[in-house]
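Each chain, letter by letter, is given below.
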Amino acid sequence: YTKQVNESLVFKMLTLKRSESECFLLLCTCRLWQENVSLKDLQSKGVCLLKLQIGSQSTGLYGRSLLLLEPRKHMGVSVLPSNNFGPGDIVGLYDLDGCKPSSQLCTGVVTRISQSAVTVACEDSPDGLNLDTDALYNLMKLANDVTYKRMKKALNTLNGYSSGPAADLISVLFGYSEPGSISQPNDLSFLNTGLDESQRQAVSFALSQREVAVIHGPPGTGKTTTVVEIILQAVKQGQKVLCCAGSNVAVDNLVERLAKAKAKVLRLGHPARLLESIQKHSLDAVLAHSDNTNIIADIRKDIDKAFMGMKKMNDKRDRIHLKREVGELRKELRTREATAIAEVLKRADVVLATNTGANDGGPLKNLPVDHFDWVVIDECAQALESSCWIALLRGRKCILAGDYKQLPPTIKSHTAASKGLSVSLMERLIQKYGDSVVRMLTVQYRMNINIMTWASEQMYQGQLTAHSSVEKHLLKDLPGVASVEETSTPLLLIDTAGCGLSEMEVTDEQSKGNQGEVDIVELHIKALTEAGVKPKDIAVIAPYNLQVDLLRQRLSARHPDLEIKSVDGFQGREKEAVVLTLVRSNRKGEIGFLAEDRRINVAVTRARRHLALVCDTQTVQTHGFLKTLIDHMTQHGDVRTAFEYLQVGPSTHSQARRSTPTEEEQRLTQIKYLEIKGQVEWFLQDPDQTELRFPSSLNSHDRLLVHQVAEELGLNHESQGEGKDRCITVSRPPTGPNEAGEEEEQQALQPAAALEEDSVTGPPVEQPAAPADLKTLHLERMRREQEKREQKKREQEKHLDTVRTAGQTQTAKKAKAKADVDFDTLIDAVVKAERVCSFVKCKTLVIHLGQLCLFCNRQYCLGHHIPEVHGCGDQAKANARMRISKEGVLYAGSGHKDKSVDPNKKAYLHRKLDSKLKDMEKQRKTKPKESDNN
Ligand SMILES: Nc1ncnc2c1ncn2[C@@H]1O[C@H](COP(=O)(O)OP(=O)(O)OP(=O)(O)O)[C@@H](O)[C@H]1O
Ligand SMILES: [Zn+2]
Ligand SMILES: [Zn+2]
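If you check an unreviewed UniProt entry, the chain appears there as DNA-binding protein SMUBP-2 from Salmo trutta. Quoted verbatim from the Subunit (unreviewed entry) heading of the UniProt record, the comment on the chain is "Homooligomer. Interacts with RUVBL1. Interacts with RUVBL2. Interacts with GTF3C1. Interacts with ABT1. Interacts with ribosomes." Note on the chain: under the UniProt heading Function (unreviewed entry), the record states "5' to 3' helicase that unwinds RNA and DNA duplexes in an ATP-dependent reaction. Specific to 5'-phosphorylated single-stranded guanine-rich sequences. May play a role in RNA metabolism, ribosome biogenesis or initiation of translation. May play a role in regulation of transcription. Interacts with tRNA-Tyr."

Report on the overall build of the chain, specifying residues and quantitative values.
Counting its regular elements, the chain contains 31 helices and 26 strands. Going through the 934 residues of the chain one by one, you find that 51% of them count as buried. Restricting to contacts in the chain with at least 6 residues of sequence separation, those with at least 24 account for 72%. Surface accessibility of the chain: about 44,600 Å² in total, with carbon and sulfur atoms responsible for 51%.

Would you mind going over the sheet that holds strand 23 (residues 716–720) in detail, with residue names and values included?
On the basis of which strands lie adjacent, the open sheet formed by 3 strands has the order 22-24-23 and antiparallel pairing. Each edge of the sheet is formed by a strand with only one pairing partner; in this case those strands are strand 22 (691–693) and strand 23. Strand-to-strand twist of the sheet, defined as the mean angle between neighbouring strand axes without regard to direction, takes the value 20°. Where strand 23 meets strand 24 (residues 727–731), 5 bridges bridge the pair, whose relative direction is antiparallel. Following the sheet pairing, Glu 718 is matched in strand 24 by Thr 729.

Describe the sheet that holds strand 9 (residues 265–267), and please don't skip the residues or the numbers.
In spatial order, the strands read 9-10-8-11-12-7-13; together these 7 strands make up an open sheet with parallel pairing. With partners counted over all chains shown, the strands left at the sheet margins are strand 9 and strand 13 (438–440), one partner each. Averaged over all pairs of adjacent strands, the angle between their axes in this sheet comes to 20°, without regard to strand direction. Here helix 12 (residues 385–392) sits on the sheet in contact with strand 8 (241–245), strand 11 (374–378) and strand 12 (397–402), set at roughly 150° to strand 11.

Which residues make up the nonpolar core, and what values do they have?
Ranked by size, the top nonpolar core spans 59 residues in total, and within it Leu 173, Val 214, Leu 242, Leu 364 and Leu 392 carry the most contacts. Excluding residues within four positions of it along the chain, Leu 392 makes contact with Ala 166, Leu 169, Leu 173, Val 375, Ile 377, Cys 398 and Leu 425. Leu 493, Ile 541, Leu 580 and Leu 613 belong to the second-largest nonpolar core, a separate cluster that totals 40 residues.

How would you sum up helix 12? Please name residues and give values.
The buried count for helix 12 comes to 8 of 8 residues, which makes it a mostly enclosed element. Along helix 12, the positions that sit buried rather than exposed are Glu 385, Ser 386, Ser 387, Cys 388, Trp 389, Ile 390, Ala 391 and Leu 392. Considering only its buried residues, helix 12 is in contact with helix 4 (146–159), helix 5 (167–173), strand 8, strand 11, strand 12 and helix 14 (425–433).

Which residues make up the pairing of strand 3 (residues 90–95), and what values do they have?
Most of strand 3 sits inside the fold, with 5 of its 6 residues counted as buried. Looking at chain direction, strand 3 and strand 4 (residues 104–113) are connected through 5 bridges and run antiparallel. From the neighbouring strand, Gly 92 faces strand 4, where its bridge partner is Thr 107. In this structure, strand 3 lies alongside strand 6 (residues 137–141), joined through 5 bridges in antiparallel fashion. Residue pairing for strand 6: Leu 93 is matched across the bridge by Leu 139.

Hey, could you go over the packing of helix 6 (residues 197–208) against helix 7 (residues 223–236) for me, with residue numbers and the actual values?
Between helix 6 and helix 7, the least distance of the axes is 9 Å, while the angle of their chain directions is 40°. When the interaxial angle is binned, helix 6 and helix 7 end up oblique. As helix 6 runs across helix 7, the sense of the crossing is right-handed. Between helix 6, through Gln 199, Ala 202, Val 203, Ala 206 and Leu 207, and helix 7, the contact on the second element is made entirely by Thr 225, Thr 226, Glu 229, Ile 230, Gln 233 and Ala 234. The residue makeup of the contact of helix 6 with helix 7, split by class, is 6 nonpolar, 4 polar and 1 charged.

Which residues make up the pairing of strand 8, and what values do they have?
Of all 5 residues in strand 8, 5 are buried; the element is thus mostly enclosed. One ladder, built from 5 bridges, connects strand 8 with strand 11; its direction is parallel. Residue pairing for strand 11: Leu 242 is matched across the bridge by Val 375. In this sheet, strand 10 (residues 350–354) lies alongside strand 8 in parallel orientation, the contact comprising 5 bridges.

So what's going on with a negative patch on the surface? Residues and values would help.
Taken together, Asp 298, Asp 302, Glu 325 and Glu 328 make up a surface patch of like negative charges. At the level of elements, helix 10 (292–312) and helix 11 (316–347) are the ones that each hand at least two residues to the negative patch. If you trace the backbone, Glu 328 turns up in helix 11.

Describe the site of ligand 1, listing the residues and the values that go with them.
In the vicinity of ligand 1, 15 residues are found, and the nearest of them are Gly 194, Gln 199, Gly 220, Thr 224 and Thr 225. With respect to ligand 1, the side chain of Thr 224 contributes an N or O atom lying 2.5 Å from an oxygen atom. In this structure, an oxygen atom belonging to ligand 1 sits 3.0 Å away from a side-chain N or O atom of Arg 257. Here the element with the most residues in the shell around ligand 1 is helix 7; it accounts for 3 residues. Of the residues belonging to the shell around ligand 1, the class tally is 4 nonpolar, 7 polar and 4 charged.

Could you give an account of the packing of aromatic side chains, naming the residues involved and the relevant values?
If you walk through the whole model with that rule in mind, you get 2 aromatic pairs. The interplanar angle of 10° and the centroid separation of 5.4 Å between the aromatic rings of Phe 174 and Trp 389 together place this pair among those described as stacked. With Phe 174 in the loop between helix 5 and helix 6 and Trp 389 in helix 12, this residue pair connects regions lying 215 residues apart in the sequence. Residue classification places Phe 174 among the partly exposed residues on the basis of a relative accessible area of 32%. Given the relative accessible area of 1%, Trp 389 is considered buried.

Describe the confidence of the model for the chain, listing the residues and the values that go with them.
With 73% of its residues at a pLDDT of 70 or more, the chain has an overall mean of 77. Contacts of residues 736–774 to residues separated by more than four positions or lying in other chains number 70 contacts, the stretch itself having pLDDT below 50. Interface scoring of the predicted complex returns ipTM 0.91; its pTM is 0.62.

Quick one: what's the story with unusual backbone geometry, residue by residue and with numbers?
Backbone geometry places Lys 51, a non-glycine residue, at a positive phi of 55°. Within the element layout of this structure, Lys 51 appears in strand 1 (residues 48–59). A positive phi is found at Glu 379, a non-glycine position, where the angle reads about 55°. With respect to the helices and strands, Glu 379 occurs in the loop between strand 11 and helix 12.

Residues and numbers for the pattern of salt bridges, please.
Once their charged atoms are close, side chains differing in charge can pair, the charge on each being opposite to the other. Under the criterion given, the structure shown has 27 salt bridges. One salt bridge connects Asp 349 with Lys 240, and the closest N-O pair in it is separated by 3.5 Å. One end of the pair, Asp 349, is in the loop between helix 11 and strand 10; the other, Lys 240, is in the loop between helix 7 and strand 8, and 109 residues separate them in sequence. Comparing Asp 349 with Lys 240, the two get one shared label, buried. Between Arg 558 and Glu 522 there is a salt bridge whose closest N-O contact spans 3.0 Å. Here the residue Arg 558 occupies a position in the loop between helix 17 (545–555) and strand 18 (563–566), and Glu 522 occupies one in helix 16 (residues 515–530), the gap between them amounting to 36 residues. Since its relative accessible area comes to 46%, Arg 558 is described here as partly exposed. It is possible to trace a salt-bridge network through shared partners that takes in Arg 446, Glu 574, Glu 576, Arg 608 and Arg 609.

What counts and how
- Residues numbered from 1 in each chain as written.
- Chains lettered and ligands numbered in written order.
- Predicted model: local features only at pLDDT ≥ 70, side-chain atom pairs only at ≥ 80, totals over all residues.
- Heavy atoms only, no water.
- UniProt positions renumbered as here; feature names shortened; annotations may be inferred.
- Helix = DSSP H or I, 4+ residues; strand = E, 2+ residues; numbered from the N terminus.
- Buried < 20%, exposed > 50% of the residue type's maximum accessible area, 1.4 Å probe, protein only.
- Contact = heavy atoms within 4.5 Å.
- Areas by Shrake-Rupley, 256 points an atom, 1.4 Å probe, with all protein chains shown as cover.
- Pairing = 2+ DSSP bridges.
- Axes fitted to C-alpha atoms, helices over the stretch in contact; angles between N-to-C directions.
- Core = buried A, V, L, I, M, F, W, Y, C linked by side-chain atoms within 4.5 Å.
- Parallel < 35°, antiparallel > 145°, perpendicular 65-115°, else oblique.
- Left-handed = near helix turned anticlockwise from the far one by under 90°.
- Nonpolar A, V, L, I, M, F, W, Y, C, P; charged D, E, K, R; others polar.
- Patch = residues over 30% accessible without salt bridge, like charges linked within 9 Å, V, L, I, M, F, W, Y side chains within 5 Å.
- Salt bridge = Lys/Arg side-chain N within 4 Å of Asp/Glu carboxyl O.
- Lys, Arg positive; Asp, Glu negative; His and termini not counted.
- Charge placed at Lys NZ, Arg CZ, Asp CG, Glu CD.
- Near = heavy atom within 4 Å.
- Polar contact = N/O pair within 3.5 Å; in protein donor to acceptor, adjacent residues only side chain to side chain.
- Phe/Tyr/Trp six-rings, centres within 6.5 Å; stacked < 30°, edge-to-face > 60°.
- pLDDT = per-residue confidence, 0-100.

Right under this line is the structure:
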């Protein structure tokens, strides 16, 4: 199939950023010519508009034919079917034979699209189209390979470049000669007096370089501010500047700031694609006000008149005559327009375009090749080098600004990447010339210092500082935001390790999702918005599109202003608060493309005042870089376990903030448990009673306790009824040793019923008393982390006290750190072993509901915990018989119930813990002051 498709298309899909729908489009456009995909299908996909008639035909800028196409009128309502056409799209016009190349009449660009009509500027009709106004036509989107063609052309020109204005620059950029400098007056007067020292240095450096200057601007360091100053200084020196960036938005931003500083700017590009506020600086707008415009308009009218006249004519000779006349008029028009464009371009000091918009097939072809002195490329690290060369070929000197520690364009072809396509020009130059071509901006105006420090240390050699205006800013400092825990901390880590919130297994998908993390994000967003943070000030960022979709499903209806995007979609942006979910949670410690450090860097550095990270530290810490982030957040921020959020499901989140059960709550649960147990035992002593019915006033939590007690005593237990009427009954199991097997089966169903009940109110509720060991361990760990941090604080304060004790603390600290590591690995091992059912291939989590088999000491899910199911049947039966004959008591199931951890393992853990605690105590005693504190 690939062979049939134009190979350049495949190349494009591999190398350029293409959305899936675009790829689909490319493919189906090609396929159409091979197979007979019905045109109706294509129309329903929005790729094709069928049976249009020509509403009007006129002549537009550059002498092109503008066709207004409408749906057939006689059909009553004339509305176009819903479609994916937009301004700038490349389209083909076909007669009704279909959309075969042979029936293509012309290609063009959509200039306008409304509900009732689409306007196309035809590209290849030098002498005008002779279209029948009564006929019907099909219009189809075509593969847009313009970008690709422009890059290819630039590379070919580069390849054959021998002499010209850019010769020296090319030589330096490819390493044939060293970059040079030119002396500058010392007393440079800055137009923007507010620049910080690093920005000033970058400006002077840029001015003093002969061929190339690279401005490395980490997140929030005012890169655009600096670039604007550089351009204004260049203009002051009389230089002509061509300024480009990868995206229309970035170019528009520069236009806006330069225009505000009164520079003479001109923006190239289709007006339909520009911000409205920018349109007045566009070439079209400026041309419309130029002196030549009236003359041009007159010629245009003449052409249109001649064209109309041609149709009415019957005499062939007259028609030929008129056609020649129209040709002449068009030629005249093109010359006039070229002159007008050149004039307008020459008057501007700064011409701005997207990287590929600076190609010389467009308006720039009207300028001599050596017109520009400087070429400035912003966001250079995010651009393909080949796209930079389109503009670079026009400059003697270039300024490249960007941050190569953020994401480069996605290269899907491994071959292309390995041959250098994934390395940006900026990165390549820094690798080659190092500090001699680059200056870095070091004061950042975005992040709270605690958010910044991690990025600074990991990505920017620790060189960033936070400007005093942002250094300590928090969400609670925003107007209307209350001071609660969530708005008072710059860093919050919500750790899902050991909580069983695994990523979704989507086998044939690259993308990943994690519903558990969606739940937690929802709860945190709720906490933030309830504290008064505006949804528009919050970003929810996920590395995977699947997770983005899940989050949108859950949150977008309630918070339409909340922005939920992939990391890549947020590059270049900032928000007051960022909630980041890392999604990956698996036993293998697989983290996929989270391993791209720059992706994590971008995600974290979008946040101004608050970063919340939701992740399974267990899984993501397998990656060294992510571990540094976890460590940083643990040390400098608040840490919570996801257990705190799972206590209550999202449907009852009014209580969500009530974190771990307090001692008081635990005590109440204990009392309730004893009370219920008493009732059940009372019931057992009365042989006349067959069942005990609890009142429907019991809440689900209490019902769970009943299930648990009944389970422990080997009784039948069942909930019946719905909602308010739901109540639970406990009854004696049928007697007789031979029925043991049956009972086991029954019993297997009962906990499942309990689970069902709970699933009505949200995720499984933690069973209060029984399988708490894992949780206890986790909480213990969290307590320790907290203690560690408090201790660190104390130590830091003490550090100033005496130099002598400082030495001691150091050794003690080291020993303690080691001890903590051991403790953590111990817990990790337990957590890992106990998370999933031990039955072959079963992946059910057993954290909330699972049972230990006493015969093989393994944890099983409710579907596999019965000894017979997983192979301990014989032992279980023997054991049951033995117990019955010995004790005269019948236990449902095999042997007595013990949902806790295996006693041996438990004892082992206890011993370990005890010795651990003793160790720690000893170490503490060696530090006299601290034992005072305790
Ligand atoms: N010297 C300065 N003094 C005060 N504020 C500054 C200074 N330089 C930049 N800023 C502020 O920092 C923010 C970002 O600046 P700017 O828009 O120039 O950067 P950017 O290029 O858009 O972003 P980034 O630095 O992330 O690439 C703006 O709010 C700007 O006002
Ligand atoms: Zn077993
Ligand atoms: Zn199982």
